[in-house]
Amino acid sequence: MSQDMLMLLVEGLGETFYMVAVSSLVSALLGIPLGVILVITGKGHIKENLLFNQTLGAIVNAARSTPFIILMVAIIPFTRIIVGTSIGTNAAIVPLTIAAIPFLARVVESAIKEVDAGLIEAAQSMGASPSQIILKVLIPESRPSIVLGITLTVISLIGYSAMAGAIGGGGLGDLAIRYGYQRFRADVMLATVVILIAMVQIVQSSGDYFAHKLNKR
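Analysis parameters
Residues numbered from 1 in each chain as written. Predicted model: local features only at pLDDT ≥ 70, side-chain atom pairs only at ≥ 80, totals over all residues. Heavy atoms only, no water. UniProt positions renumbered as here; feature names shortened; annotations may be inferred. Helix = DSSP H or I, 4+ residues; strand = E, 2+ residues; numbered from the N terminus. Phe/Tyr/Trp six-rings, centres within 6.5 Å; stacked < 30°, edge-to-face > 60°. Buried < 20%, exposed > 50% of the residue type's maximum accessible area, 1.4 Å probe, protein only. Core = buried A, V, L, I, M, F, W, Y, C linked by side-chain atoms within 4.5 Å. Axes fitted to C-alpha atoms, helices over the stretch in contact; angles between N-to-C directions. Parallel < 35°, antiparallel > 145°, perpendicular 65-115°, else oblique. Left-handed = near helix turned anticlockwise from the far one by under 90°. Nonpolar A, V, L, I, M, F, W, Y, C, P; charged D, E, K, R; others polar. Salt bridge = Lys/Arg side-chain N within 4 Å of Asp/Glu carboxyl O.

Chemist: Would you explain the UniProt feature "transmembrane region" (unreviewed entry) in the chain in this entry?
Modeler: Listed under "transmembrane region" (unreviewed entry) in the UniProt record, and renumbered for this structure, are residues 16-39, 51-75, 81-105, 146-168 and 188-211. The span residues 81-105 carries 80% helix and 0% strand; its end-to-end C-alpha distance comes to 25 Å. Helix makes up 83% of residues 146-168 and strand 0%, with an end-to-end C-alpha separation of 32 Å.

Listed below in structure tokens is the structure:
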């Protein structure tokens, strides 16, 4: 493999890392609160609002059920409004984030629902406000599962970022399509696959480590 191709691989890795990092951060900032809202507005919870919960749940389910490639194409006008273009790494971040938010929200919802109801009742009996219950009971008790959920989301985004390359999103996926597939460069295709596998392994191992550290059980 030539030095120029190695430079292209490094550049593609940097673009993939950038896309995944930004979309992971934004999806965590929006997906975690969304997951909390899905829980606390559910039946019998601290802020019960069934109509709102069902409506929000339907929107989340609709977003989750849309295949990523279709989502990328469908929101091109919205992507252009946000970043001014529909091609490149910045453009790819928009659909990546939109795809990840509902996914992470459902994972966070499942994690918080595992919290012992007795802890919530004990906090309420001591006069804790809803915000105190969320910040001092629900989130702390479900942190290991939330960390694993974020890990799963990041891994999904690595895969999505590779798909984004197929329609001009940049990164390793774009490199694999342009050189590995269209120019029949098996070495480039193999290199991108190996790099993506290594990224997934690093993310999974890191997530498992931090989840174990946060687990008080």
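Chemist: Where do I start with the packing of aromatic side chains in this structure?
Modeler: Aromatic rings in a pair are described by how distant their centres are and how their planes are angled relative to each other. Scanning the model with the defined rule gives 2 aromatic pairs in all. Both rings, one in Phe68 and one in Tyr160, keep their centres 4.7 Å apart while their planes meet at 10°; by these two values the pair is stacked. In this pair, Phe68 is assigned in helix H3 (residues 68-74) and Tyr160 in helix H7 (residues 130-164), connecting sequence segments 92 residues apart. The class of Tyr160 is partly exposed, set by a relative accessible area of 26%. With a centroid separation of 5.3 Å and an interplanar angle of 75°, the aromatic rings of Tyr209 and Phe210 are classed as edge-to-face. Take Tyr209: its relative accessible area is 46%, and that puts it in the partly exposed class.

Chemist: Before we go on, may I ask you to explain the nonpolar core in this structure?
Modeler: Across soluble globular proteins, you tend to see nonpolar side chains buried next to one another. Of all hydrophobic cores here, the largest spans 25 residues; its most connected members are Phe68, Leu96 and Ile158. Those elements that place two or more of their residues in this core are helix H1 (3-40), H3, helix H5 (89-113), H7, helix H8 (171-181) and helix H9 (186-214). For this core, the element with the most residues is H5, which contributes 6 residues. Leu104, Val108, Leu138 and Ile146 belong to the second largest nonpolar core, which has 17 residues in total.

Chemist: Would you mind showing me how to read the UniProt feature "domain: ABC transmembrane type-1" (unreviewed entry) in the chain here?
Modeler: The UniProt feature table records "domain: ABC transmembrane type-1" (unreviewed entry) at residues 13-207. Along residues 13-207, the helical share is 83% and the strand share 0%, with 20 Å between the first and last C-alpha atoms.

Chemist: Which parts of the structure should I look at to understand the environment of Ser205?
Modeler: Considering the arrangement of structural elements, one finds Ser205 in helix H9. Sequence-wise, Ser205 and Thr151 are 54 residues apart; in three dimensions their C-alpha atoms are separated by 9.1 Å.

Chemist: Explain the packing of H5 against H7 to me, please; I cannot follow it from the model alone.
Modeler: Two measures define how a pair of helices packs: the angle their axes make with one another and the distance between the axes. One can describe the packing of H5 onto H7 by two numbers: an axis separation of 8 Å at closest approach and a directional angle of 150°. Between H5 and H7, the angle is such that the two are roughly antiparallel. As for how H5 packs across H7, the hand of that crossing is right-handed. Classifying every residue of the contact of H5 with H7 by side-chain character gives 18 nonpolar, 6 polar and no charged.

Chemist: I would appreciate a short explanation of the pattern of salt bridges in the present structure.
Modeler: Side chains that differ in sign of charge can pair as their charged atoms come close. Scanning the entire structure with this criterion turns up 2 salt bridges. The partner of Glu109 in a salt bridge is Arg106, and the shortest N-O contact between them spans 2.6 Å. Here the residue Glu109 and the residue Arg106 both occupy positions in helix H5, the gap between them amounting to 3 residues, near one helical turn. Residue Glu109 is classed as buried on the basis of its relative accessible area of 8%. Here Lys113 ties to Glu109 by a salt bridge, and the two come within 3.2 Å at their closest N and O atoms. Here Lys113 pairs with Glu109, and both are found in helix H5, just 4 residues apart, close to one helical turn. Since its relative accessible area comes to 56%, Lys113 is described here as exposed. Ionic contacts of the salt-bridge type, sharing partners, join the residues Arg106, Glu109 and Lys113 into one network.

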